[in-house]
Amino acid sequence: MPETVKRHLSELDLTGRSFLTIHDYSPAEVVSLLDLAVALKDAQKRRAAHAVLEGRAVAMIFMKTSTRTRMSFEVGIEQLGAQPMFLNANDIQLRVGETIKDTANVMSRYVDAIMIRTFAQQDVEDLARYGQIPVINGLTDTHHPCQGMADAMTIREHVGKLDGARLVYIGDGNNVAHSLAEVGAKTGMQVVICTPEDYKPDAAIVARAQEDAQATGGTVELTSDVAAVEGADVIYTDTFTSMGQEAEHDVRVAALAAYQVNMDLVRRAGPQVKVMHCLPAHWGEEITEEVLYSPHSVVFDQAENRLHAQKAIMAAVIA
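Because the structure is a prediction, the values reported are computed rather than measured.

Rules used throughout
Going along each chain's sequence as written, the residues are numbered from 1 onward. With the structure being a predicted model, the display of local features is reserved for residues of pLDDT at least 70 and the display and counting of side-chain atom pairs for 80 or more, all residues being used for whole-chain, interface and lining totals. Each side-chain value is derived from all of the structure's non-hydrogen atoms; neither hydrogens nor water enter the calculation. Secondary structure is summarised from DSSP: a helix means a run of H or I of at least four residues, a strand means a run of E of at least two, and numbering begins at the N terminus for each. Only the C-alpha atoms count toward the radius of gyration. The rule for a globule is 2.2 Å times the residue count to the power 0.38. Exposure is judged per residue with a 1.4 Å probe applied to protein chains only, and the accessible area is read against the type maximum: over 50% gives exposed, under 20% gives buried, and values in between give partly exposed. The protein chains shown are the only cover counted for residues, whose accessible areas, like all others here, come from Shrake-Rupley with a 1.4 Å probe. All tallies of charge rest on Lys and Arg as positive and Asp and Glu as negative; His and the ends of each chain are not included. By convention, the charge on Lys lies at NZ, on Arg at CZ, on Asp at CG and on Glu at CD. For two strands to be treated as a pair, DSSP must find no fewer than two bridges joining them. Here an axis means a line fitted to C-alpha atoms, over the contact stretch when the element is a helix, while the angle between two N-to-C directions is reported on a 0 to 180 degree scale. Working rule for angles: under 35 degrees goes down as roughly parallel, over 145 as roughly antiparallel, 65 to 115 as roughly perpendicular, anything else as oblique. Contacts are assigned to residue pairs that have any heavy atoms within 4.5 Å of one another. Polarity classes work like this: nonpolar for Ala, Val, Leu, Ile, Met, Phe, Trp, Tyr, Cys and Pro, charged for Asp, Glu, Lys and Arg, and polar for all others, with Gly in that last group. Here a salt bridge means any side-chain nitrogen of Lys or Arg lying within 4 Å of a carboxyl oxygen belonging to Asp or Glu. Whether a crossover is right-handed comes down to one check: with the strands pointing away from the viewer, does the path from the first strand over the helix to the second run clockwise; if it does, it is right-handed. Any two of the Phe, Tyr and Trp rings considered here, Trp counted by its six-membered ring, make a pair once their centres fall within 6.5 Å; the pair's planes then place it as stacked at under 30 degrees, edge-to-face at over 60, or tilted in between. A positively charged side chain is recorded as over a ring if its NZ (Lys) or CZ (Arg) lies within 6 Å of the ring centre. The angle to the ring normal must also be within 35 degrees.

Undergrad: Any chance you could explain the overall build of the chain here in plain terms?
TA: Across its full length, the chain carries 12 helices and nine strands. For the chain, whose C-alpha radius of gyration is 19 Å, the value lies close to the compact-globule estimate of 20 Å for 319 residues. Summarising its shape, the C-alpha atoms of the chain cover approximately 55 × 45 × 35 Å along the three principal directions. Among the 319 residues that make up the chain, the fraction classed as buried is 56%. Within the structure as shown, the chain displays about 13,100 Å² of accessible surface, and the carbon and sulfur contribution to it stands at 48%. In the chain, the 28 positive side-chain charges and the 43 negative ones have mean positions that sit 5 Å from each other.

What follows is the structure, encoded as structure tokens:
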């Protein structure tokens, strides 16, 4: 195992903990996880063996379909030396004929951790509450913490810092916005969430992030004015219509049209700006193809970093 990976792992004391929201982790723990992710990325690039979870098994429950979450977790589990077990909604009894409590207790006897991608945050919380192994939140309607960690890793790579970096999230105040507020608060970033009045993020989550930011010198602000992008280090957007909101698509696209990330908005931000999107992208809605493939875009580095950030989380929490 590379010495840098070994050193960063030794500095973390997270074994057995679940990863449900970024808020649950201290600023020092968040930064240490990012450091470990960088070390693991370097190890992979050098093709240095880093099978720190050899002999372990990780179950992946998908109540929602996915491209990046499925691929990055499955590849990452293999690279860490563990056995991935893919379970979709039709493969298991969860929410059909078996309670979350029973499922958590049974799975704790078979595997060393569970990653779940689902709808309700409460389901993830209950799975962690009743099980005896770490649970990793691969996405809920309320939080997307693994994405947030990969995003912070990407910002640090391309902006050169997190402390003081200005991130403007623009569009729908959804689960991604929540996790960006949390990771920004933990790392001293200046986060601005720019949405129409009717599409603001959850007020309680924002207030909690604002309180967390006081310890790091960061800020979390809300606005409806797209002028907020001026001078930004990063502009970030996500789909206007998340999974489960398909019936609202036309209404949402119309209401959020003025918040599209296009080249006019990018030029307004300035030549320094980087553009991020957690994908999948819907060209002509929240972002244009021109921006997605412009020199400002770091979207595909961001997608790659899902792999490395999640490997760091798994390596740190699985015994």
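Undergrad: Any chance you could explain unusual backbone geometry here in plain terms?
TA: Glycine aside, a negative phi is what most residues show, and trans is what most peptide bonds show. Following Leu279, the chain continues into Pro280 via a peptide bond in cis, with omega recorded as 0°. Position of Pro280 among the secondary structure elements: in the loop between β9 (274-277) and α11 (289-292). Inspection of the secondary structure assignment puts Leu279 in the loop between β9 and α11.

Undergrad: I would appreciate a short explanation of the sheet that holds strand β3 (residues 113-117) in the present structure.
TA: Backbone hydrogen bonds are what pair the strands of a sheet, in a parallel or an antiparallel way. A sheet is described by the order of its strands in space; here four strands give the open sequence β2-β1-β3-β4, paired in parallel fashion. Two strands close off the open sheet at either side, each with one partner strand: β2 (83-88) and β4 (135-139). Each neighbouring strand pair of the sheet contributes to a mean axis angle of 20°, computed without reference to strand direction. Two elements, strand β1 (residues 57-62) and β3, share five bridges in a ladder whose sense is parallel. Across the sheet, Phe62 pairs through a bridge with Arg117, a residue of β3.

Undergrad: Just checking my understanding: could you explain the packing of helix α2 (residues 27-45) against helix α7 (residues 175-187) for this structure?
TA: The axes of two packed helices give the description: the angle between them and the distance between them. The N-to-C vectors of α2 and α7 enclose an angle of 100°; their axes lie 8 Å apart at closest approach. By the criterion of interaxial angle, the relationship of α2 to α7 is roughly perpendicular. Only Val183, Lys186 and Thr187 of α7 make contact with α2, whose side of the interface consists of Pro27, Val30, Val31 and Leu34. Residue composition of the contact of α2 with α7, grouped by class: five nonpolar, one polar and one charged.

Undergrad: I'm lost on the pattern of salt bridges in this one. Help?
TA: Close approach of charged atoms allows side chains with opposite charge to pair. Counting across every chain of the model gives 16 salt bridges. Across the pair Lys64 and Asp141 runs a salt bridge, and its minimum N-O distance is 2.5 Å. Within this pair, whereas Lys64 is found in the loop between β1 and α3 (68-79), its partner Asp141 is found in the loop between β4 and α6 (145-159), the two being separated by 77 residues in sequence. The class for Lys64 is buried, based on a relative accessible area of 5%. Looking at Asp141, the relative accessible area reads 41%, which means it is partly exposed. A network of salt bridges, in which partner residues are shared, links Asp172, Glu248 and Arg252.

Undergrad: Whenever I open this one, the pairing of β3 confuses me. Can you help?
TA: Every other side chain in a regular strand lies on the same face of the sheet, so the side chains alternate between the two faces. Counting buried residues in β3 gives five out of five residues, a clear majority hidden from the surface. Side chains Ala113, Met115 and Arg117 project from β3 onto one buried face, and the interleaved Ile114 and Ile116 project onto a second face that is buried too. Here β3 pairs with β4 via four bridges, running parallel. Across the sheet, Arg117 pairs through a bridge with Leu139, a residue of β4. Chirality of the crossover, the property in question, places the unit of β3, helix α5 (residues 121-130) and β4 among those that are right-handed.

Undergrad: Help me understand the packing of aromatic side chains, please; the structure alone is not making it clear to me.
TA: What describes a pair of aromatic rings is the distance from one ring centre to the other and the angle between the planes of the rings. Under the counting rule described, the total for this entry stands at five aromatic pairs. When the ring of Phe19 is compared with that of Tyr25, the centres are 5.1 Å apart and the planes differ by 55°; the resulting orientation is tilted. Each member of the pair, Phe19 as well as Tyr25, carries the same accessibility label: buried. Ring centres 6.4 Å apart and planes at 85° place the aromatic pair Trp283 and Tyr293 in the edge-to-face group. Pair noted here: Trp283 is in the loop between β9 and α11 and Tyr293 is in the loop between α11 and α12 (299-317), with a separation of 10 residues, a long-range link. By relative accessible area, which is 48% here, Trp283 ends up partly exposed. Using a relative accessible area of 54% as the deciding quantity, one classes Tyr293 as exposed. Here the basic side chain of Arg17 rests over the ring of Tyr25, its NZ or CZ set 4.1 Å away from the ring centre. Directly above the aromatic system of Phe86 lies the positively charged group of Arg70, at a separation of 3.7 Å from the ring centroid.

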